[in-house]
Amino acid sequence: MYQNLLSVREAMHLYLRDPLTDIFNRRGFEQHYVEMMDASKKDGVTLAIVSIDMDDLKEINDRLGHQHGDAAICGMANALSSALHEGEVCARIGGDEFEAILRMDTPGRIEEFKKALEEALKKVNEAVSEAYVVGASVGICVVNQPATMAEYMHRADVLMYEEKKRRHGEIKE
């Protein structure tokens, strides 16, 4: 029976986690979004949805190979995870796309998150001795009115692509 319990736990872990990065996948993200929304209503803490798109992953894969692309994805996941406070979550939604949920329980949390992510990415890039840079565009949408998770993710995506356009002068996918 103990062995069966471990197998169920392992299956649940695989069901909710991205196998490359071990952060949540979309299912895990959706589950935590619902839990965090319920908790935010009880404790009165506003949430924010963060949409993150890595820069130039296709170029890394094409030029250096998928092993380097995978390493860049893992570096992004580690940087993102380190920029979060306890009780916040992040996920790899697919390919080079990530999402996070911030708890707006301290003044300036969005700016603090952006700075922490930038610093974490600097550390990732200092540790990488490869000919690429791990970077990202970020969009953040405060959850402040009734809407679905998909609507908030879309709003954060729009903001992220606006930032990408400002940073690169054009939208790259």
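Residues numbered from 1 in each chain as written. Predicted model: local features only at pLDDT ≥ 70, side-chain atom pairs only at ≥ 80, totals over all residues. Heavy atoms only, no water.

### Considering the side chain of Arg109
Within the element layout of this structure, Arg109 appears in helix H5 (residues 109-127). Dropping the residues within four chain positions of it, Arg109 is found in contact with Ala83, Leu84, His85, Glu88, Leu102, Arg103 and Met104. (Helix = DSSP H or I, 4+ residues; strand = E, 2+ residues; numbered from the N terminus. Contact = heavy atoms within 4.5 Å.)

### Brief notes about the sheet that holds strand E2 (residues 89-94)
The strand order E2-E3-E1-E4 describes an open sheet built from four strands, whose pairing is antiparallel. A single partner strand is all that each edge strand has here, and the edge strands are E2 and strand E4 (136-143). Pairwise comparison of adjacent strand axes, ignoring direction, gives a mean angle of 20° for this sheet. Across the sheet, helix H6 (residues 149-168) lies against strand E1 (47-54), E2, strand E3 (97-103) and E4, angled at about 145° from E4, the strand it touches most. (Pairing = 2+ DSSP bridges. Axes fitted to C-alpha atoms, helices over the stretch in contact; angles between N-to-C directions.)

### Observations concerning the packing of helix H2 (residues 26-43) against H6
In the contact formed by H2 and H6, the axes pass within 11 Å of each other and the chain directions differ by 110°. Overall, the two elements H2 and H6 adopt an arrangement that is roughly perpendicular. Here H2 and H6 pass one another in a crossing that is right-handed. Counting all contacts with H2, which are made through Arg26, Phe29, Glu30 and Tyr33, the residues of H6 involved are Met149, Tyr152 and Met153. Looking at the contact of H2 with H6 residue by residue, the classes come out as five nonpolar, no polar and two charged. (Parallel < 35°, antiparallel > 145°, perpendicular 65-115°, else oblique. Left-handed = near helix turned anticlockwise from the far one by under 90°. Nonpolar A, V, L, I, M, F, W, Y, C, P; charged D, E, K, R; others polar.)

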